[in-house]
Amino acid sequence: MSGLLVWPWASVMQGALLAAIVALAAYLQSLTGFAFGLVLLALSTQLGLLGIADAAQLVNSLTLAGALLLLGRGRLAPDWRLFAWGVLPALPMVPLGLWLLGELSGDAIYWLGKLLGLVVVLSSLTILWPPPLAAWAGKRGVKLACGALSGLMGGLFAAAGPPLVLLFYQLGLPAVRVRDTLMLVFACCGLLRLLVSVPSGVFNPGLLLPTLFLLPVYWGASRLGLHRGAASKGPGLRRLVALLLLGSGLAMLA
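These numbers were taken from a predicted model, which means no experiment stands behind them.

Definitions and limits used
Residues numbered from 1 in each chain as written. Predicted model: local features only at pLDDT ≥ 70, side-chain atom pairs only at ≥ 80, totals over all residues. Heavy atoms only, no water. Phe/Tyr/Trp six-rings, centres within 6.5 Å; stacked < 30°, edge-to-face > 60°. Helix = DSSP H or I, 4+ residues; strand = E, 2+ residues; numbered from the N terminus. Buried < 20%, exposed > 50% of the residue type's maximum accessible area, 1.4 Å probe, protein only. Expected span 1.5 Å × (residues − 1). Axes fitted to C-alpha atoms, helices over the stretch in contact; angles between N-to-C directions. Parallel < 35°, antiparallel > 145°, perpendicular 65-115°, else oblique. Contact = heavy atoms within 4.5 Å. Nonpolar A, V, L, I, M, F, W, Y, C, P; charged D, E, K, R; others polar. Core = buried A, V, L, I, M, F, W, Y, C linked by side-chain atoms within 4.5 Å. Patch = residues over 30% accessible without salt bridge, like charges linked within 9 Å, V, L, I, M, F, W, Y side chains within 5 Å. Areas by Shrake-Rupley, 256 points an atom, 1.4 Å probe, with all protein chains shown as cover. Salt bridge = Lys/Arg side-chain N within 4 Å of Asp/Glu carboxyl O. Lys, Arg positive; Asp, Glu negative; His and termini not counted. Polar contact = N/O pair within 3.5 Å; in protein donor to acceptor, adjacent residues only side chain to side chain.

Visitor: Quick rundown of the packing of aromatic side chains? Include the residues and the values.
Guide: Evaluated as defined, the whole model comprises two aromatic pairs. The interplanar angle of 85 degrees and the centroid separation of 5.5 Å between the aromatic rings of Trp80 and Phe83 together place this pair among those described as edge-to-face. One end of the pair is Trp80 and the other is Phe83, both in helix α4 (residues 80–90) and three residues apart, which spans about a single turn. Its relative accessible area of 54% is what places Trp80 among the exposed residues.

Below, the structure is given as structure tokens:
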């Protein structure tokens, strides 16, 4: 168990380090459009600040809060047909992923860490060398498969992004519209994950206070990243983030 699960007695250095990781992940997410969950999961678990289940809960809570904030302000303009292709196959898989998390968080916790490392490595490799899916991106089977895989990852690690991000950005739609569509899909998956995790016993109420403390950090870093969003136009930052994820994932697999 992490010291951060009893927030009032956690060391200042641990809290500051987790806040710095949240800020870094949110900032990079705003600049590049991806990787908040993977960066936060990889770094917080590798540094021993949180267990995988708690890190996933923190990712889910912060992502959901950010999406609801933007939605409440009316700043999301998704492609509703694309949203349906993403969310309909994803939602049924979220409870399955959450169930697997509960099963693997016991005696199989070692293998859960290895599975997370593998997910991080594969996700980073698809960023560095995107597979040529453009010819397949519009096919129904591919959309359904990517949506289902995203839902499964969303239930397991609250990181539903990689499959749908990889697919949607190859459809030739405006990047802002794709980003808004993805955010809404992830918000729906996150809300379902939250609703299922509470009665199933996976939800850790001890993380509520740390999450509230970290919300301003998340929002502030996100706003800073959006303000400097022009930096995301080049591929250099995306490759740098991918290399960071690749190193973290390989360390988990070592």
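Visitor: Quick rundown of helix α7 (residues 140–157)? Include the residues and the values.
Guide: If you check α7, its first and last C-alpha atoms are 25 Å apart, about what 18 residues at 1.5 Å a residue would give, namely 26 Å. Those residues of α7 lying buried are Lys143, Cys146, Gly147, Ser150, Gly151, Met153, Gly154, Gly155, Leu156 and Phe157. Two residues or fewer past α7, Ala158 is found with a positive phi of approximately 60 degrees.

Visitor: Before we move on, can you summarise the packing of α7 against helix α8 (residues 161–168) with the specific residues and values?
Guide: Working note: a packed helix pair is described by the angle between its axes plus the distance between those axes. Packing of α7 against α8 brings their axes to within 7 Å, and their N-to-C directions diverge by 150 degrees. On the basis of the axis angle, α7 is roughly antiparallel to α8. Contacts from Val142, Lys143, Cys146, Gly147, Leu149, Ser150 and Met153 of α7 reach α8 at Gly161, Pro162, Pro163, Leu164 and Leu167. Here the residues of the contact of α7 with α8 sort into eight nonpolar, three polar and one charged.

Visitor: Residues and numbers for unusual backbone geometry, please.
Guide: Although it is not a glycine, Ala158 sits at a positive phi angle of roughly 60 degrees. Checked against the element boundaries, Ala158 lands in the loop between α7 and α8. Using a relative accessible area of 14% as the deciding quantity, one classes Ala158 as buried.

Visitor: Before we move on, can you summarise the nonpolar core with the specific residues and values?
Guide: Counting residues in each nonpolar core, the largest one holds 48 residues, and the members touching the most others are Phe36, Leu40, Leu41, Leu62, Phe157 and Leu245. Elements that contribute at least two residues to this core include exactly α1 (12–32), α2 (36–46), α3 (52–72), α5 (93–104), α6 (109–128), α7, α10 (208–227) and α11 (235–253). Apart from residues lying up to four places away in sequence, Leu245 is in contact with Ala35, Leu38, Val39, Val120, Ser124 and Ile127. Core analysis: the second largest hydrophobic core is formed by 16 residues, Phe83, Ala90, Leu167 and Leu184 among them.

Visitor: Residue-level account of the environment of Leu112, with values.
Guide: For Leu112, the position within the fold is in helix α6. Classification of Leu112 as buried rests on a relative accessible area of 0%. A C-alpha to C-alpha distance of 8.0 Å links Leu112 and Ile52, two positions 60 residues apart in sequence. The contacts of Leu112, once residues within four sequence positions are left out, are Ile52, Leu101, Leu104, Ser105, Leu156 and Phe157.

Visitor: How would you sum up a nonpolar patch on the surface? Please name residues and give values.
Guide: A cluster of nonpolar side chains, contributed by Leu118, Leu122, Leu250 and Leu253, occupies part of the molecular surface with about 340 Å² of accessible area. For the nonpolar patch, the secondary structure elements donating two or more residues are α6 and α11. Checked against the element boundaries, Leu253 lands in helix α11.

Visitor: Would you mind going over α6 in detail, with residue names and values included?
Guide: With 20 residues, α6 should cover 28 Å at 1.5 Å per step; its first-to-last C-alpha distance of 29 Å lies within 8% of that length. Residues of α6 that are buried include every one of Leu112, Gly113, Lys114, Leu116, Gly117, Val119, Val120, Val121, Ser123, Ser124, Ile127 and Leu128, and no others.

Visitor: So what's going on with the side chain of Asp79? Residues and values would help.
Guide: Position of Asp79 relative to the elements: it lies in the loop between α3 and α4. This buried residue, Asp79, is left without a salt bridge; Arg177 holds the nearest opposite charge, at 4.4 Å. Within polar-contact distance, the side chain of Asp79 engages the backbone nitrogen of Arg81 at 3.2 Å. Not counting chain neighbours up to four residues away, the residues in contact with Asp79 comprise Leu173, Arg177 and Thr181.

Visitor: Run through the environment of Gln170, naming residues and quoting values.
Guide: Mapped onto the elements of the fold, Gln170 is located in the loop between α8 and α9 (175–200). Given a relative accessible area of 22%, Gln170 falls into the partly exposed group.

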